[in-house]
Structure formats: structure tokens, C-alpha cells
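Examination of the molecular architecture
Single-letter residue listing:
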Amino acid sequence: MDNIISLLPQVFEGLKVTLQVFILTLVFSIPLGIVVSIGRLSKNKILNKVTGVYILIMRGTPLLLQIVFIFFGLPNINISFDRFPAAIIAFTLNYAAYFAEIFRAGISSIDEGQYEGAKVLGFSQKYTFFRIILPQAFKRILPAMANEVITLVKDTALVYVLGLDELLKIGKIASNTQASLIPLVVVGVVYLLLIGVFTQLFKLIENRYSYYQ
């Protein structure tokens, strides 16, 4: 019990890094994902092709490889980032590609009659998209979004490769130091609590959007 209590300050420090990576990734990747999804739906062939290639690369290569490439590879062409910004850039670019495909599927599922009705009522394309189409699409993609968010919670552990003291790394170090699996169990419980909180949060959001039926 004493070992667990003494471990808690380190766990909280690791949790802080984990949550920073998680929150910043969502803040940047969701808007970027919406922009990329619009590009994928665009009738402009060049824009459609460029966003398609971007998604292929980001989804077709491991996130760990992308992190390593951005931090260790880009300095070879005189582009360098500190450890934490490099992690955020890699996570943002990777998850934006997944979110883009989720949003594209949701937007594509909306009946064309919605656009036509909005046009008849004199709504602008911007108003139609952000106030009519996107809320309905968001309701439909919530389960897929929830799945990606939960995956992101666990993927934050990959920043260990940059030497960042995230939650799992703290647990591994403590486990090796104490020659015990207890620290890893504690870290596992923290991950479960995080995922439980986000699962409940998405249920509340689904209820909030339940009027879009």
C-alpha cells in the first residue's frame, strides 16, 4: 500500500502529459479532419487527389513511424521540433486523417434533399453546411468518433519513444524499480477510469443530439 501511495505523485505527472497530448490532439485534429473531409468531397480533382493521398499516407503507415520520422527524420532537411511539439504534430496529422474519413462518411450520408431545401429557403452554403448538414452528420458519426477517441487515449503511450514521461512510461519505470507489477496495475486502472469517463461523456453527447433522428 505504501508503494502505491508513494507512486501516486509520479502517476499524476504522467497523467498530466497523457492528457495534454490527448486534449491538444483533439483540439487540432478534429478541425483539420473536417477541412480534409471537405477536400475529399470537393469536385476539384486536384484538391480531392491531394487529400486522398494525405489520408492514404497517414492511415497506411504506423503512428509510431510517423512520430519517429517527424522528430528524428525531419532534422535531416533542417526542420526540427522539440519533443512535445513533434508528438502533437504527429498525432494531429495521423488522427486528422481518420477523423476526415469519419466526417466524410457522415456528410455523404445526408440526403441531397437537405441541400436543395436549404437552397430554396435562401440559406448560404456556409450556413447550410455548418448549421444543418454538419450537426446531423455529427450525430451519425458519434459512435465512430467515440471509438477513435478511446483509441487515442491508449495511443498516447507511444510518445515514450520521444522520451516523454507519459503515464505508461512512469508505470514501467516504477515496475522495474520495485520489481513488481503493481505500478502497471495502477496505471491500468487509471487508463480504465479515463476511458470510462470519456465513454460516459459520449453517451451524454449522443443524448444531446438525439433530436436529430
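Just so we're clear, the structure is a prediction, and the values are computed from it rather than from any experiment. (Residues numbered from 1 in each chain as written. Predicted model: local features only at pLDDT ≥ 70, side-chain atom pairs only at ≥ 80, totals over all residues. Heavy atoms only, no water.)

Comments concerning the overall build of the protein
Which entries qualify depends on this criterion: Segments assigned H or I by DSSP are reported as helices when at least four residues long, segments assigned E as strands when at least two residues long, and all are numbered from the N terminus. Exposed residues in this analysis have more than 50% of their type's maximum accessible area, buried residues have under 20%, and partly exposed residues fall in between, with area computed by a 1.4 Å probe over protein chains only. Throughout, a contact is declared for two residues whenever any of their heavy atoms are within 4.5 Å. All accessibility values rest on the Shrake-Rupley procedure with a 1.4 Å probe; residue burial counts only the protein chains present in the view. His is not counted, nor are the chain ends; Lys and Arg add positive charge and Asp and Glu add negative charge. One atom stands in for each charge, and that atom is NZ of Lys, CZ of Arg, CG of Asp or CD of Glu.
A count of helical and extended segments in the protein gives eight helices and zero strands. Across the 213 residues of the protein, 39% fall into the buried class. For the protein, the proportion of contacts with a sequence separation of at least 24, taken over those separated by at least 6, is 75%. Of the roughly 12,200 Å² that the protein leaves accessible, carbon and sulfur atoms contribute 65%. One way to put it: in the protein the 18 positive side-chain charges average out to a point 8 Å from where the 12 negative ones average out.

Thoughts on the UniProt feature "domain: ABC transmembrane type-1" (unreviewed entry) in the protein
Keep this limit in mind: UniProt positions are given in the numbering used here, feature names are shortened, and annotations may be inferred rather than shown by experiment.
UniProt feature "domain: ABC transmembrane type-1" (unreviewed entry): in the numbering of this structure it lies at residues 15-202. Helix makes up 81% of residues 15-202 and strand 0%, with an end-to-end C-alpha separation of 21 Å.

Focus on the packing of aromatic side chains
In plain terms, the rule: Each aromatic pair joins two rings of Phe, Tyr and Trp (for Trp, the six-membered one) with centres within 6.5 Å, and gets the label stacked for planes under 30 degrees apart, edge-to-face for over 60, and tilted for any other angle.
Applying the stated criterion across every chain, the model contains seven aromatic pairs. When the ring of Tyr95 is compared with that of Tyr98, the centres are 6.3 Å apart and the planes differ by 45 degrees; the resulting orientation is tilted. In this pair, Tyr95 and Tyr98 are both assigned in helix 4 (residues 83-108), three residues apart and thus about one turn of the helix distant. Residue classification places Tyr98 among the partly exposed positions, given a relative accessible area of 26%. Measuring from ring centre to ring centre gives 4.9 Å for Phe123 and Tyr127, while their planes differ by 40 degrees; the resulting arrangement is tilted. Accessibility expressed as a relative area gives 34% for Phe123, which makes it partly exposed.

Describing the pattern of salt bridges
Threshold: Note on definitions: salt bridges are taken to be side-chain nitrogens of Lys or Arg within 4 Å of carboxyl oxygens of Asp or Glu.
Going through the model one piece at a time under the given rule, you end up with five salt bridges. One salt bridge connects Lys16 with Glu13, and the closest N-O pair in it is separated by 3.6 Å. Separated by three residues within a single helix, Lys16 and Glu13 lie in helix 1 (residues 2-41), roughly one turn from each other. Residue Arg59 is joined to Glu101 by a salt bridge in which the shortest nitrogen-to-oxygen separation is 3.9 Å. Of this pair, Arg59 sits in helix 2 (residues 45-60) while Glu101 sits in helix 4, placing them 42 residues apart in sequence. Looking at Glu101, the relative accessible area reads 14%, which means it is buried. Connected through shared salt-bridge partners, Arg40, Arg59, Glu101 and Arg104 make up one network.

Quick look at the side chain of Thr51
We apply this condition: We define a polar contact as two N or O atoms separated by no more than 3.5 Å, with the added condition that, inside protein, one atom must be a possible hydrogen donor and the other a possible acceptor, whereas residues neighbouring each other in sequence contribute only through side-chain atom pairs.
Position of Thr51 relative to the elements: it lies in helix 2. Within the local environment of Thr51, its side chain forms a polar contact with the backbone oxygen of Asn48, the two atoms lying 3.0 Å apart. When sequence neighbours within four positions are dropped, the list of residues in contact with Thr51 reads Val36, Gly39 and Arg40.

Quick word on unusual backbone geometry
Phi angles above zero are rare outside glycine, and Asn78 is one such case at about 65 degrees. Looking at the element boundaries, Asn78 is found in the loop between helix 3 (63-73) and helix 4.

Thoughts on the UniProt feature "transmembrane region" (unreviewed entry) in the protein
Per the UniProt record, "transmembrane region" (unreviewed entry) is found at residues 20-41, 53-72, 84-103 and 181-202. Annotated as 90% helix and 0% strand, the span residues 53-72 places its first and last C-alpha atoms 23 Å apart. A distance of 27 Å separates the end C-alpha atoms of residues 84-103, which is 100% helix and 0% strand.

Details of a nonpolar patch on the surface
Using the following cut-off: Patch rule: a residue counts if its relative accessible area is over 30% and it has no salt bridge; like charges are joined within 9 Å, and nonpolar side chains (Val, Leu, Ile, Met, Phe, Trp, Tyr) within 5 Å.
Taken together, the side chains of Leu181, Leu184, Val185, Val189 and Leu193 make up a nonpolar region of the molecular surface, amounting to roughly 460 Å² of accessible area. Tracing the backbone shows Leu193 in helix 8 (residues 182-208).

Some points on the environment of Gln178
Mapped onto the elements of the fold, Gln178 is located in helix 7 (residues 167-178). Separated by 94 residues in the primary sequence, Gln178 and Phe84 have C-alpha atoms spaced 28 Å apart.

Some points on the packing of helix 3 against helix 4
Formally: Note on method: axes are straight lines fitted to C-alpha atoms, helices fitted across the in-contact stretch only, with angles between N-to-C directions ranging 0 to 180 degrees. Here the word oblique covers every angle except those under 35 degrees (roughly parallel), over 145 (roughly antiparallel) and from 65 to 115 (roughly perpendicular). The sense of a crossing depends on the near helix, which, turned anticlockwise from the far helix by less than a right angle, makes the crossing left-handed and, turned clockwise, makes it right-handed. Only Asp, Glu, Lys and Arg are considered charged, only Ala, Val, Leu, Ile, Met, Phe, Trp, Tyr, Cys and Pro nonpolar, and every remaining residue, Gly among them, polar.
As a packed pair, helix 3 and helix 4 sit with axes 9 Å apart at the nearest point and diverge in direction by 135 degrees. Put simply, helix 3 runs oblique to helix 4. In this structure, helix 3 meets helix 4 at a crossing whose hand is right-handed. Contacts from Leu63, Gln66, Ile67, Ile70 and Phe71 in helix 3 reach Arg83, Ala86, Ile89, Ala90, Phe91, Leu93, Asn94 and Tyr95 in helix 4. In the contact of helix 3 with helix 4, the residues fall into 10 nonpolar, two polar and one charged.

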